[in-house]
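Structure at a glance
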Amino acid sequence: MVRRVSIFGATGSIGQNTIDLIARDAEAYEIIALTGGANVDQLAADALRLRAQVAVTAFEDRLDDLRALLSGSGVEAAAGEAALLEAAERPADWIMSAIVGAAGLAPGLAALRHGTTLALANKESLVTAGPLLMATARDHGAQVLPVDSEHSAVFQALVGEDIAAVERIIITASGGAFRDWPLEALEHATLAEASSHPNWDMGQRITIDSASMFNKSLELIETKEYFVVTPDQIEVVVHPESLIHAMVGFTDGAIMAHVGPPDMRHAIGYALHWPVRRALPVHRLDLAQIGTFSFRAPDEDRWPALRLARAVMAEGGLAGAAFNAAKERSLDGFIAGEIKFTEMAAVVEDVLTQLSGDPGLSSAEITLDTVRQMDHLARQRAAEAIAARQ
Ligand code: NDP
């Protein structure tokens, strides 16, 4: 049976890996929508190649170029937030949510309201509005499938298990670009140095977030929201080889580990074919050649983001939305050269300190509107904190 598929964030790293898998078996899929941002050349090329119904750029000022590239092809061109929502509402069997940042939330919610299975790479959706996203899925009988490699690993380790028998979830972290740098060198880290990952080939923003461990801190919150465990049941361990993606510890003392190459096509392919496993074009590991798996405890002086994530989980409510927005704005600040690498965590901490204790943060109802308001407020506060440091 032909499956109707849409890919949100199709021009990015996860989107392109998804297209790679789908294009290998193109006859099995009908492509409903592909969406992107500024890169309309890539978006149009893939929409033409895969004969998508519609191609949507998030940015209205890119529409003319997209239209010109698709002219006469029969592929519709559209732009802007409303067009993204309209694309998410088109009947489909499976949608990849791989927009980067908080912008991924609204299209994901729209897809779930239509009962569509959501393959979720956009971790920011769970961090900013986990309870809302999961409740929307439940209310509409829709499935959310994790695509982040750690969460896909946990999901796979839990197949056939009773969630009540889970004692702890251990997510691994490579440690990113600065794992072995002297602490005092971190404040001089350049954008180019922060943008290179030792093991994974990913988009620039998540690569920098790996170096600062903001990525892992988002994943801690994502784990709590997706698997409904308490924060003290979630551990992070540094595993420089990036071959064990996560482990689940059970009440009988057993630990199930998920081992695989650092290739996102595994987690994407698992979500694409779930609940069955299909052959995937990923490298097979030679364990004897690898020889050693090593682990170490994460150092919170090097990676203060982990401590901040624990505070956010304790606060609950809209703290995740504030944390993510402050993180996104401080990352913009680092990319633009406004602040140093080490100042990103300091800016986020400033914002959380300012907002914490406000009942609006911990007890407000989580809706798309309240998340957006908190996102806006936290970005504003982060911009002020950045300006104060200049
Ligand atoms: P990329 O930066 O490579 O791609 C992001 C995608 O989102 C692109 O298609 C981009 O379009 C689009 N986009 C950018 N801004 C907007 C916006 N404002 N509105 C709508 N679309 C926009 O990111 P990744 O593929 O690396 O990551 C995507 C998501 O998956 C993130 O949430 C990330 O945390 C998560 N993830 C990524 C992993 C990886 O290996 N890369 C691993 C696990 C999770 P364009 O490029 O055309 O501007």
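Here's what I pulled together on the structure shown here. Worth saying up front: this structure is predicted, and the values here are computed from it rather than measured.

Cut-off values and rules
- Residues numbered from 1 in each chain as written.
- Predicted model: local features only at pLDDT ≥ 70, side-chain atom pairs only at ≥ 80, totals over all residues.
- Heavy atoms only, no water.
- Near = heavy atom within 4 Å.
- Polar contact = N/O pair within 3.5 Å; in protein donor to acceptor, adjacent residues only side chain to side chain.
- Areas by Shrake-Rupley, 256 points an atom, 1.4 Å probe, with all protein chains shown as cover.
- Buried < 20%, exposed > 50% of the residue type's maximum accessible area, 1.4 Å probe, protein only.
- Helix = DSSP H or I, 4+ residues; strand = E, 2+ residues; numbered from the N terminus.
- Right-handed = clockwise from strand over helix to strand, strands pointing away.
- Pairing = 2+ DSSP bridges.
- Phe/Tyr/Trp six-rings, centres within 6.5 Å; stacked < 30°, edge-to-face > 60°.
- Axes fitted to C-alpha atoms, helices over the stretch in contact; angles between N-to-C directions.
- Contact = heavy atoms within 4.5 Å.
- Patch = residues over 30% accessible without salt bridge, like charges linked within 9 Å, V, L, I, M, F, W, Y side chains within 5 Å.
- Salt bridge = Lys/Arg side-chain N within 4 Å of Asp/Glu carboxyl O.
- Lys, Arg positive; Asp, Glu negative; His and termini not counted.
- Charge placed at Lys NZ, Arg CZ, Asp CG, Glu CD.
- Core = buried A, V, L, I, M, F, W, Y, C linked by side-chain atoms within 4.5 Å.

Around the ligand there are 25 residues in total, and T11, S13, G37, E124 and D148 lie nearest to it. Contact between the ligand and A121: an oxygen atom at 3.4 Å from a main-chain N or O atom of the residue. Between the ligand and E124, the relevant distance is 2.7 Å, taken from an oxygen atom to a side-chain nitrogen or oxygen of the residue. Here the ligand has 900 Å² of accessible area as a free molecule, and 85% of this is covered by the chains.

Further remarks concern the pairing of strand β6 (residues 117–120). Along β6, one buried face is formed by T117 and A119 and the opposite face, lined by L118 and L120, is buried too. In this region the chain leaves strand β5 (residues 94–97), passes through helix α5 (residues 105–113) and returns to the parallel neighbour β6; the handedness of that crossover is right-handed. Across 3 bridges, β6 lies against strand β7 (residues 144–146) in parallel orientation. Residue pairing for β7: A119 is matched across the bridge by L145. Read as a crossover between parallel neighbours, the route from β6 over helix α6 (residues 123–139) to β7 is right-handed.

This paragraph deals with the packing of aromatic side chains. Centre-to-centre distance and the angle between the planes together describe a pair of aromatic rings. The tally for this structure, following the rule as stated, stands at 8 aromatic pairs. Pairing F155 with W274 gives two aromatic rings, centres 6.3 Å apart and planes at 45°, and the pair type is tilted. One end of the pair, F155, is in helix α7 (residues 149–157); the other, W274, is in the loop between α11 (264–273) and α12 (287–290), and 119 residues separate them in sequence. On the basis of relative accessibility, which here comes to 15%, the residue F155 falls in the buried class.

It is worth spelling out the sheet that holds strand β4 (residues 76–79) at this point. If you trace the 7 strands from one edge of the open sheet to the other, you get β4-β3-β2-β1-β5-β6-β7, paired in parallel fashion. Edge positions in the open sheet fall to β4 and β7, since each of these has one partner strand only. Across this sheet, the average inter-strand angle for adjacent strands is 20°, counted without regard to direction. Sheet contacts for helix α1 (residues 13–23): β1 (3–8), β2 (29–36) and β5; angle to β1, the most-contacted strand, approximately 155°.

Side chains of E161, D162, E167 and D252 sit close together on the surface and give a patch of like negative charge. By the element assignment, E161 lies in the loop between α7 and β8 (166–173). Given a relative accessible area of 37%, E161 falls into the partly exposed group.

Let's shift gears to the pattern of salt bridges. In this structure the tally under the stated criterion is 26 salt bridges. For the salt bridge of D65 with R62, the shortest nitrogen-to-oxygen distance reads 2.4 Å. Taking the shortest distance from any N to any O, the salt bridge between R379 and E328 comes out at 2.8 Å. One end of the pair, R379, is in helix α17 (residues 368–388); the other, E328, is in helix α14 (residues 319–335), and 51 residues separate them in sequence. Judged by relative accessible area, which is 24%, R379 ranks as partly exposed. A single network of salt bridges, built from pairs that share partners, joins K123, D148, E150, K216 and E219.

Further remarks concern α5. Buried residues dominate α5, accounting for 8 of its 9 residues. For α5, the complete set of buried residues consists of L105, A106, P107, G108, L109, A110, A111 and L112. Immediately beyond the C-terminal end of α5, within one or two residues, lies G115, with a positive phi of roughly 75°.

What follows covers the nonpolar core. Ranked by internal contacts, the top residues of the largest apolar core, which has 127 residues, are L34, M96, F323 and F341. The element contributing the most residues to this core is α14, with 8 residues. Contacts of F341, omitting those with residues within four sequence positions, involve F178, L186, A189, A194, I208, A211, S212 and F334.

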